[in-house]
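# Observations on the three-dimensional arrangement
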Amino acid sequence: MNFKLVSNMSYRDKVLDKNEIASLGASLREIQQKLLKQGYKTGVSRMWFQGEEPYFDVFFELKDDEILWFQFTFRGKSLSWNGKNPGLQTGTTNELNFDDTSFYAASKTIENDIQTNWEFINLVKLILQVRAEEPIFAKALKLFD
């Protein structure tokens, strides 16, 4: 299965085949909980997975093992879901802009797309399916239904 990721970035014509998608999914590693600032809300926890590539990570905010918020960023693109306003939202991050603030991880900003980027949503789903046997990724995949 080939997937063409379209963007205005330099990787515009990059084609990701099933092996590359599998490699991306397999590269996601959970970051130690003690490194994450936990939510100020009682019973809310956070999980962060970082991929092998720069600018590739997945965040979850959970309560009672249910996803409250989810964000996936990859190569300057973003996909998020918020339980308060269900629905998938795509966007663009500032991570590929090279200025003074983009060098600090805490300075990531996201500009929502006017039109949903369905190609990116499909790519995210394919990457998450690589880890579908793990409970958190299985729950995330249900958000796509």
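First things first, this report covers the structure right here in the doc. (Residues numbered from 1 in each chain as written. Predicted model: local features only at pLDDT ≥ 70, side-chain atom pairs only at ≥ 80, totals over all residues. Heavy atoms only, no water.)

## Some words on unusual backbone geometry
Even without a glycine there, the phi angle at D65 is positive, about 65 degrees. We classify D65 as exposed; its relative accessible area is 56%. Notably, R75 is not glycine yet its phi reads approximately 50 degrees, a positive angle. When you line up the elements, R75 lands in the loop between β6 (66-74) and β7 (77-82). (Buried < 20%, exposed > 50% of the residue type's maximum accessible area, 1.4 Å probe, protein only. Helix = DSSP H or I, 4+ residues; strand = E, 2+ residues; numbered from the N terminus.)

## Topic: the environment of Q89
Along the chain, Q89 falls in strand β8 (residues 88-93). A polar contact is formed between the side chain of Q89 and the backbone oxygen of D113, at a distance of 3.4 Å. (Polar contact = N/O pair within 3.5 Å; in protein donor to acceptor, adjacent residues only side chain to side chain.)

## Quick look at the pairing of strand β5 (residues 56-63)
The buried count for β5 comes to six of eight residues, which makes it a mostly enclosed element. As defined by bridge partners, strand β4 (residues 44-50) adjoins β5 across seven bridges and the pair is classed as antiparallel. Its bridge partner lying in β5, Q50 is registered against D57. Hairpin connection between β4 and β5: a loop of five residues separates the two successive antiparallel strands, and Y55 in this loop has a positive phi of roughly 60 degrees. Bridging between β5 and β6 involves eight bridges; their strand directions are antiparallel. Looking across to β6, one finds that D57 is bridged to T73. Hairpin remark: β5 followed by β6, antiparallel, with two residues in the connecting loop; positive phi at D64, about 55 degrees. (Pairing = 2+ DSSP bridges.)

## Regarding the packing of helix α2 (residues 118-129) against helix α3 (residues 135-142)
Where α2 meets α3, the closest approach of the two axes is 9 Å, and the angle between their N-to-C directions is 155 degrees. Classified by the angle their axes make, α2 and α3 are roughly antiparallel. α2 and α3 meet at a crossing whose hand is left-handed. Residues K125, L128 and Q129 of α2 touch α3, and the partners they reach there are F137, A140 and L141. (Axes fitted to C-alpha atoms, helices over the stretch in contact; angles between N-to-C directions. Parallel < 35°, antiparallel > 145°, perpendicular 65-115°, else oblique. Left-handed = near helix turned anticlockwise from the far one by under 90°. Contact = heavy atoms within 4.5 Å.)

## Regarding the sheet that holds β8
Within the open sheet, the seven strands sit side by side as β3-β4-β5-β6-β7-β8-β9. Their pairing is antiparallel. Across the chains shown, the open sheet's two edge strands, defined by having one partner strand only, are β3 (29-30) and β9 (110-112). Here three bridges tie β8 to β9, and the two strands are oriented antiparallel to one another. By the bridge assignment for β9, G91 is matched with N112. Each of β5, β6, β7 and β8 touches α2; the most contacted strand, β6, lies at about 110 degrees to it.

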